[in-house]
Amino acid sequence: MSKRILQGVVVSDAGDKTIVVRVERRVKHTLYKKFIRRSKRYHAHDPENVHSVGDIVRIRECRP
């Protein structure tokens, strides 16, 4: 089974060894047929604390 790989922007690095990544996707409105941007925030592991706010990163899903 393949793992999803998402690309997003780091919005917070305040936690120790943890970053918050905002992933945006575009969905089409069912009635108006216009594309809308939807975003979701994911917490990702950053063991060396190398990423900072504004970096573009790729995250991969894994088992909890």
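Residues numbered from 1 in each chain as written. Predicted model: local features only at pLDDT ≥ 70, side-chain atom pairs only at ≥ 80, totals over all residues. Heavy atoms only, no water.

(A) Quick peek at the overall build of the protein chain. What the protein chain contains, in helices and strands, is 0 helices and 4 strands. The secondary structure elements of the protein chain, listed N-terminal to C-terminal, are β-β-β-β. Computed over its C-alpha atoms, the radius of gyration of the protein chain comes to 14 Å, more than 25% above the 11 Å expected for a compact globule of 64 residues. When its C-alpha atoms are laid out on the principal axes, the protein chain stretches across 45 × 30 × 15 Å. Of all 64 residues assigned to the protein chain, the portion counted as buried reaches 16%. Sequence separation of at least 24 residues holds for 51% of the intrachain contacts in the protein chain that already meet a minimum separation of 6. Of the roughly 5700 Å² of accessible surface on the protein chain, a fraction of 50% belongs to carbon and sulfur atoms. (Helix = DSSP H or I, 4+ residues; strand = E, 2+ residues; numbered from the N terminus. Rg over C-alpha atoms; globule rule 2.2 N^0.38 Å. Buried < 20%, exposed > 50% of the residue type's maximum accessible area, 1.4 Å probe, protein only. Contact = heavy atoms within 4.5 Å. Areas by Shrake-Rupley, 256 points an atom, 1.4 Å probe, with all protein chains shown as cover.)

(B) Representation of the packing of aromatic side chains. If you walk through the whole model with that rule in mind, you get 0 aromatic pairs. In this structure, arginine 26 packs its charged tip against the face of phenylalanine 35, placed 4.5 Å from the ring centre. (Phe/Tyr/Trp six-rings, centres within 6.5 Å; stacked < 30°, edge-to-face > 60°. Lys NZ or Arg CZ within 6 Å of the ring centre and 35° of its normal.)

(C) Representation of the sheet that holds strand E4 (residues 56-60) within the structure. Strand order in this open sheet of 4 strands is E3-E2-E1-E4, and the pairing throughout is antiparallel. Looking at strand neighbours, the two that pair on one side only are strand E3 (35-45) and E4, the edges of this open sheet. Pairs of neighbouring strands in the sheet enclose a mean axial angle of 45°, with direction left out of account. For strand E2 (residues 18-28) and E3, the ladder comprises 11 bridges, and the chain directions are antiparallel. If you follow valine 23 over to E3, its bridge partner there is lysine 40. (Pairing = 2+ DSSP bridges. Axes fitted to C-alpha atoms, helices over the stretch in contact; angles between N-to-C directions.)

(D) Spotlight on the environment of lysine 33. On the secondary structure map, lysine 33 appears in the loop between E2 and E3. By relative accessible area, which is 55% here, lysine 33 ends up exposed. For lysine 33, the side chain forms a polar contact with the main-chain oxygen of threonine 30, separated by 2.6 Å. (Polar contact = N/O pair within 3.5 Å; in protein donor to acceptor, adjacent residues only side chain to side chain.)

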